[in-house]
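# Fold and geometry: a report
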Amino acid sequence: QVQLVESGGGLVQAGGSLRLSCAASGRTLSSYTMGWFRQAPGKEREVVARINWIGTSTYYADSVKGRFTISRDNAKNTVYLQMNSLKPEDTAVYYCAAYPTDPDSGIYTRTPRSWGQGTQVTVSS
């Protein structure tokens, strides 16, 4: 089981930027498709972005497309989420998550099997 630790959250004004990091230990991240999720108060957790195990394919929720960028550095066992043009509605706890992936087919599990503890992002208007 891979252990995940997020960092980089904080308070930022609308229009500002933050870069979240997710550091992995216990297993190499190259065995996992990685995702960033967020959960705002009173709302369900939602996927924000996802990147395949070798970093060649990404997915973004419509709400963040064009503003957020997910990337990974397997040599550093770290995944990033660059967030630009932040809006108050981006306020949430952000979690990184790992989907075990078959390296031959690229197929990953339907749901993540490991989660970080989350990092708070607050965007003021």
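Details of the structure are given in the entry above.
Reference entry: report on the structure contained in this document.

Criteria and cut-off values
- Residues numbered from 1 in each chain as written.
- Predicted model: local features only at pLDDT ≥ 70, side-chain atom pairs only at ≥ 80, totals over all residues.
- Heavy atoms only, no water.
- Helix = DSSP H or I, 4+ residues; strand = E, 2+ residues; numbered from the N terminus.
- Buried < 20%, exposed > 50% of the residue type's maximum accessible area, 1.4 Å probe, protein only.
- Phe/Tyr/Trp six-rings, centres within 6.5 Å; stacked < 30°, edge-to-face > 60°.
- Lys NZ or Arg CZ within 6 Å of the ring centre and 35° of its normal.
- Polar contact = N/O pair within 3.5 Å; in protein donor to acceptor, adjacent residues only side chain to side chain.
- Contact = heavy atoms within 4.5 Å.
- Salt bridge = Lys/Arg side-chain N within 4 Å of Asp/Glu carboxyl O.

### Some points on unusual backbone geometry
Residues other than glycine seldom take positive phi values, yet Asn77 does so here, at roughly 55°. Mapped onto the secondary structure, Asn77 falls in the loop between strand S7 (68–73) and strand S8 (78–83). In this structure, Ser85 is a non-glycine residue whose phi angle is positive, near 50°. Mapped onto the secondary structure, Ser85 falls in the loop between S8 and strand S9 (92–100). Ser85 sits in the partly exposed class, given a relative accessible area of 41%.

### Let's talk about the packing of aromatic side chains
Aromatic ring pairs: the centre-centre distance and the angle between the two ring planes describe each pair. Here the structure, examined in full by the defined rule, presents three aromatic pairs. Measuring from ring centre to ring centre gives 5.2 Å for Tyr99 and Tyr108, while their planes differ by 75°; the resulting arrangement is edge-to-face. Pairwise contacts between aromatic rings join Phe37, Tyr95 and Trp115 into one cluster. When the ring centre of Tyr80 is taken as reference, the NZ or CZ atom of Arg19 above it lies at 4.0 Å.

### Focus: the side chain of Asn77
On the basis of relative accessible area, Asn77 is assigned to the buried category, the value being 16%. There is a polar contact of 3.2 Å between the side chain of Asn77 and the backbone oxygen of Arg27. In this structure Asn77 touches Cys22, Ala23, Ala24, Arg27, Thr28 and Leu29, once residues within four positions along its chain are discounted.

### Observations concerning the pattern of salt bridges
For the coordinates displayed, the defined rule picks out four salt bridges. Between Arg38 and Glu46 there is a salt bridge, with its nearest N and O atoms 2.7 Å apart. Given the relative accessible area of 6%, Arg38 is considered buried. With its nearest N and O atoms 2.9 Å apart, the salt bridge here joins Asp90 to Arg38. In this pair, Asp90 sits in the loop between S8 and S9 while Arg38 sits in strand S4 (residues 32–39), placing the two residues 52 residues apart along the sequence. Take Asp90: its relative accessible area is 1%, and that puts it in the buried class. Here the salt bridges share partners, and the residues they tie into one network are Arg38, Glu46, Arg67 and Asp90.

### Digging into the environment of Phe37
By the element assignment, Phe37 lies in strand S4. Linking Phe37 and Ala98, residues 61 residues apart in sequence, is a C-alpha distance of 11 Å. Those residues in contact with Phe37 that sit more than four places away from it in its chain are Arg45, Glu46, Val47, Val48, Val93, Tyr94, Tyr95, Ala97, Tyr99, Pro112 and Trp115.

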